[in-house]
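The lines below spell out each chain.
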Amino acid sequence: MVHVPKRGDTVFAPLNEIIMGLSEKQRNKWERLWMVSDSRVGIVHPLIYSHPESGDKTLCVHMGMTDAFMWDKGTPKERMTDWKETAELLKEINHEFIKDNKAIQYAHKWEVGDFIISDNLAVGHEAAEESQIPRKEVGLRVLHRITVAGKEIPTKKYEVPSV
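How each quantity is defined
Residues numbered from 1 in each chain as written. Predicted model: local features only at pLDDT ≥ 70, side-chain atom pairs only at ≥ 80, totals over all residues. Heavy atoms only, no water. Helix = DSSP H or I, 4+ residues; strand = E, 2+ residues; numbered from the N terminus. Buried < 20%, exposed > 50% of the residue type's maximum accessible area, 1.4 Å probe, protein only. Areas by Shrake-Rupley, 256 points an atom, 1.4 Å probe, with all protein chains shown as cover. Lys, Arg positive; Asp, Glu negative; His and termini not counted. Charge placed at Lys NZ, Arg CZ, Asp CG, Glu CD. Contact = heavy atoms within 4.5 Å. Polar contact = N/O pair within 3.5 Å; in protein donor to acceptor, adjacent residues only side chain to side chain. Phe/Tyr/Trp six-rings, centres within 6.5 Å; stacked < 30°, edge-to-face > 60°. Lys NZ or Arg CZ within 6 Å of the ring centre and 35° of its normal. Axes fitted to C-alpha atoms, helices over the stretch in contact; angles between N-to-C directions. Parallel < 35°, antiparallel > 145°, perpendicular 65-115°, else oblique. Left-handed = near helix turned anticlockwise from the far one by under 90°. Nonpolar A, V, L, I, M, F, W, Y, C, P; charged D, E, K, R; others polar. Core = buried A, V, L, I, M, F, W, Y, C linked by side-chain atoms within 4.5 Å.

**Student:** Can you lay out the overall build of the protein chain for me, pointing to particular residues and giving the numbers?
**Tutor:** Across its full length, the protein chain carries four helices and nine strands. When its helices and strands are written in sequence order, the protein chain yields β-α-α-β-β-β-β-β-β-α-β-β-α. Dimensions of the protein chain, computed from the C-alpha atoms along their principal axes, are close to 50 × 35 × 35 Å. Here the protein chain holds 163 residues, and 34% of them are scored as buried. As presented, the protein chain carries roughly 10800 Å² of accessible surface, and 54% of it is formed by carbon and sulfur atoms. Of the charged side chains in the protein chain, 23 are positive and 25 negative, and the gap between their average positions amounts to 3 Å.

**Student:** Give me the lowdown on the environment of K157, citing residues and values where you can.
**Tutor:** For K157, the position within the fold is in the segment after α4 (135–138). A C-alpha to C-alpha distance of 7.6 Å links K157 and G55, two positions 102 residues apart in sequence. Aside from chain neighbours lying at most four places away, what touches K157 is S50, P52 and E152. A distance of 2.6 Å separates the side chain of K157 from the side chain of E152, its partner in a polar contact.

**Student:** With reference to specific residues and values, describe the packing of aromatic side chains.
**Tutor:** Taken as a whole, this structure holds one aromatic pair when the rule is applied. Arranged with centres 6.2 Å apart and planes meeting at 25°, the rings of F12 and Y106 form a pair that is stacked. With F12 in strand β1 (residues 10–14) and Y106 in strand β8 (residues 106–108), this pair connects stretches of sequence that are 94 residues apart. Lying across the ring of Y158, K57 places its NZ or CZ 4.4 Å from the centre. A cation sits over an aromatic face here: K73 above W34, 5.0 Å from the ring centre.

**Student:** Can you lay out the packing of helix α2 (residues 24–31) against helix α3 (residues 83–102) for me, pointing to particular residues and giving the numbers?
**Tutor:** Their axes nearest at 13 Å, the elements α2 and α3 cross at an angle of 130°. Here α2 lies oblique to α3, going by the angle between them. The chirality of how α2 crosses α3 is left-handed. Contact residues: α2 offers Q26, K29 and W30, while α3 offers L89, E92, I93 and E96. For the contact of α2 with α3, the per-class residue count stands at three nonpolar, one polar and three charged.

**Student:** I'd like a description of the nonpolar core, backed by residues and values.
**Tutor:** The nonpolar side chains of a soluble globular protein tend to be buried with one another. Core analysis: the largest hydrophobic core is formed by 19 residues, its most contacted members being I18, W30, L33, L47, L59, F69 and F97. Of all the secondary-structure elements, those providing two or more residues to this core are α1 (15–20), β2 (33–38), β4 (48–50), β6 (68–71) and α3. Beyond its immediate sequence surroundings of up to four residues, F69 is in contact with L33, W34, M35, V36, L47, R79, M80, T81, T86, L89, L90 and I93. One finds W34, V44, A68 and M70 within the second-largest nonpolar core, a separate group that totals five residues.

**Student:** So, the side chain of E85: which residues are in play, and what are the values?
**Tutor:** Among the secondary structure elements, E85 is positioned in helix α3. Its relative accessible area of 18% is what places E85 among the buried residues. Sequence-distant contacts of E85, that is, excluding residues within four places in its chain, are made with W71 and R79.

Printed below as a string of structure tokens:
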């Protein structure tokens, strides 16, 4: 971190723990969903998929850049969600990140010089709500980020339970 704001932590959450904390009914529902990050170019990934290194189940979701979801991709039941259903699903997913008073989250309070390495395929992250307050109130947040390109497309490497 090069410059630290007065407020505005980065919040991290272990994605596999979120999945494992779901009820069987909820997990089976999410297994049927595919995240559409840009409907104009057709980028579609399973919401739950296998981490390419560990094989653990993980989530492919971007709360701010999900255009829609697709149900039952590759089956006769395949369909896209409309705006209302997409918003409801995003709210449902977000609830899993914040339930129990955000117990699953780790909020990092930045200090100048901090350096974090995280596996973005296993750990979700976002700037805390306070980071959206006008800069004149919270100060400037400056950090350098490096992202390493993935080696494979998100894929389920396990049998999906039939619903």
